[in-house]
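The residues making up each chain are set out below.
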Amino acid sequence: MRDELHLMELVDRYLDGSMSASDRAAFEGRVTASTELQQLIEDQRALREGAHRAALRPAVQLAYRDFRPGGKWKSWSGGAAFVIIAAAGYHYWPRIVQLLPQEHLEQVVPDTIPDEAVPTEQPRTIQYHARRDTVVDTVYRVLRNGKWQVMDHRPTEAELFEDSSRGTEVQEEPSTYTEGALGPIDDRAVEVLPEFPGGMKALHRYLDEHIRHPDLSHPIEGMVNVRFMINERGKVEKATVSKGLNAAYDAEAVRVVMNMPAWTPAKAGGRPVASAMELPLRFRNPGTEEAPPGPSQH
Amino acid sequence: MNDQRIIELIQQGRDQEAFRELYRHLPKVEHLVRLNSGRSGDAKDIFQDALIIFHRRVRTEGFVLSSSISTFLFAVCRNLWREELRRRDRPMGEWKPENEADEPADLTSLLAREGEYKRAEQALKDLGAKCLDVLTRFYVKHEPLQAIAKALGFAGEGAAKTRKYKCLEEARKRYRQLTTATVATMQTH
């Protein structure tokens, strides 16, 4: 063992470059003659570098936590004209609002349809699929002819490429929303997503404290999707309902969203930019968990 | 914060601050990975590897920044993800190497070497925390054996030295195993 230990120390000194010129020449002579020694040097070099890698891990992890304090924002963004973040389903349970964990959101890229199969005049198709541990809420949105449409099921291939003028099960967006209504959006890649002050937990708390069931005597269940802009100063603007329940619920959802404090704006190219977001809010009947969604109350 | 400032931070050993700044390039990588059958967790893993590779590059003697840090990180991530997909035996899907010309010329050899270092890191981790601690203190923090012995409760300098030797020897065996396994996998493909 002493010999091997000594050899390892020699290799260390060789790799450190701390050998005298004559020692080095002698050592290199030995190395040329022995493939075994060459292997030892390579292994030891790799292990020393491996130790460096391992030692950096804590800094890498801590910096990540600084970067995403909640650790919950998972994002997709890019060159698309606007970024939609389907954040969550809210369970209204006498005033308990729950936020869907972000990591359970995933963008579903249609895998059955290769891009080349899409004729150039066809609209681009984007689907988002939100789920909980077991699927609770599924929201599909299809961008068709420049308009978002919400579907209550995963669109079939035929539906995706169907002419939107023909009648389908697709539910048209309310006319209050058009892409233009969101105003100009910077189409550079968003590098930093907008953030609610204090992160996801704070957003959760804010909504929990401020959202109200508009009509407790006839509560209904369902989702209200609110789409809004966060301008480059972080102010929430132009909240519109992209999928609603009824006038009272829609108004309540918009009210809560519009009253949010200023966000930290998204950033692109190091500069704050406007971005678009969407929050699906789910109202649940505060009395009967099993009850089907009640009829709309007006 | 500009690239030069980030490099200075790394050179001053303020790694965490530098990494914190560099994470702003992560969303772009997440986008790339998501478009190519990955999840954002995958993106985070390869991005963190890219950070470590960049760190090594900066600490290498004679380092000059030949492209922007962003370009470098993105090129590394793109290649790492391509490798990962190959490992998973999955088709690559649409792949748009936007600026192949921007890639550092020595990227392929750099990543091949880094693959070895990553296996070595795995081998060290497999040995357990104590051995990793000894070797990190010795090779990374350059603590003298005397201090290592004191910090980790070895009888003395000699004991620390022996421990270090044994750990390195074990790590080497494990590293050989991992390397052989990798080579075997590559040949079956």
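Now for a description of the structure that goes with this document.

The next point concerns the interface of chain A and chain B. Listed as interface residues are 46 residues of chain A and, on the opposing side, 44 residues of chain B. Here Arg-68 of chain A ties to Glu-30 of chain B by a salt bridge, and the two come within 3.0 Å at their closest N and O atoms. Taken together, the links from chain A to chain B amount to 17 residue pairs in polar contact (both at pLDDT 80 or more). In terms of residue count, the dominant contributor to the side of chain A that touches chain B is helix H3 (residues 35-67) of chain A (25 residues). Per-class residue counts for the side of chain A that touches chain B are 20 nonpolar, ten polar and 16 charged.

Let us look at helix H1 (residues 3-11) of chain B. All names here are of chain B. Turning to H1, its buried residues are Ile-6, Ile-7, Leu-9 and Ile-10. One side of H1 carries all its buried residues, which in axial view fall inside an arc of 155°. Contacts from the buried residues of H1 go to helix H2 (15-22), helix H4 (40-59) and helix H5 (69-87). Where H1 starts, the residue carrying a side-chain oxygen 3.2 Å from the main-chain nitrogen of Gln-4 turns out to be Asn-2. Positioned one or two residues after H1, Gly-13 has a phi angle of 80°, which is positive.

The geometry of a pair of packed helices is captured by two quantities: the angle between their axes and the separation between those axes. It is the contact of H3 of chain A with helix H6 (residues 107-127) of chain B, at a shortest axis distance of 7 Å, that shows an interaxial angle of 70°. Considering the angle they form, H3 of chain A stands roughly perpendicular to H6 of chain B. Touching Arg-45, Ala-46, Leu-47, Glu-49, Gly-50, Ala-51, Arg-53, Ala-54 and Arg-57 of chain A of H3 of chain A are Glu-114, Glu-116, Tyr-117, Lys-118, Ala-120, Glu-121, Leu-124 and Lys-125 of chain B, all from H6 of chain B. The residue inventory of the contact of H3 of chain A with H6 of chain B, partitioned by class, reads seven nonpolar, one polar and nine charged.

A word on the sheet that holds strand S5 (residues 222-230) of chain A. The strands making up a sheet are joined through hydrogen bonds of the backbone, oriented either antiparallel or parallel. Residue and element names in this part refer to chain A. The strand order S6-S5-S9 describes an open sheet built from three strands, whose pairing is antiparallel. Each edge of the sheet is formed by a strand with only one pairing partner; in this case those strands are strand S6 (236-243) and strand S9 (275-283). In this sheet, neighbouring strand axes are inclined to one another by 25° on average, regardless of whether the strands run parallel or antiparallel. In the packing of helix H6 (residues 247-258) onto the sheet, contacts are made with S5, S6 and S9, and the angle to S6 comes to roughly 150°.

A side chain of one charge can pair with a side chain of the opposite charge when the charged atoms of the two come close. The tally for this structure, following the rule as stated, stands at 32 salt bridges over all chains. Its salt-bridge partner being Glu-8 of chain B, residue Arg-5 of chain B comes within 3.5 Å of it at the nearest N-O pair. Note that Arg-5 of chain B and Glu-8 of chain B are positioned in helix H1 at a spacing of three residues, about one turn of the helix. Residue Arg-5 of chain B is classed as partly exposed on the basis of its relative accessible area of 30%. Between Lys-173 of chain B and Glu-170 of chain B there is a salt bridge, with the nearest N and O atoms lying 3.3 Å from each other. Residue Lys-173 of chain B and its partner Glu-170 of chain B are located together in helix H9 (residues 157-188), separated by three residues, close to a single helical turn. The class for Lys-173 of chain B is partly exposed, based on a relative accessible area of 49%. If you follow the salt bridges from partner to partner, you end up with Glu-49, Arg-53 and Arg-57 of chain A together with Asp-49, Arg-56, Glu-114, Lys-118, Glu-121 and Lys-125 of chain B in one network.

Once that is clear, we can look at the pairing of S5 of chain A. All names here are of chain A. For S5, a buried count of nine out of nine residues is recorded, marking the element as mostly surrounded by other parts of the structure. When S5 meets S9, the two strands line up antiparallel, connected through nine bridges. Bridge pairing in S9 places Asn-225 opposite Pro-280. Both S5 and S6 contribute to a ladder of five bridges, which runs antiparallel. Residue Ile-230 lies in a different strand from S6, and its bridge partner there is Val-236.

About the thresholds
- Residues numbered from 1 in each chain as written.
- Chains lettered and ligands numbered in written order.
- Predicted model: local features only at pLDDT ≥ 70, side-chain atom pairs only at ≥ 80, totals over all residues.
- Heavy atoms only, no water.
- Contact = heavy atoms within 4.5 Å.
- Salt bridge = Lys/Arg side-chain N within 4 Å of Asp/Glu carboxyl O.
- Polar contact = N/O pair within 3.5 Å; in protein donor to acceptor, adjacent residues only side chain to side chain.
- Helix = DSSP H or I, 4+ residues; strand = E, 2+ residues; numbered from the N terminus.
- Nonpolar A, V, L, I, M, F, W, Y, C, P; charged D, E, K, R; others polar.
- Buried < 20%, exposed > 50% of the residue type's maximum accessible area, 1.4 Å probe, protein only.
- Arc of directions from axis to C-beta.
- Axes fitted to C-alpha atoms, helices over the stretch in contact; angles between N-to-C directions.
- Parallel < 35°, antiparallel > 145°, perpendicular 65-115°, else oblique.
- Pairing = 2+ DSSP bridges.

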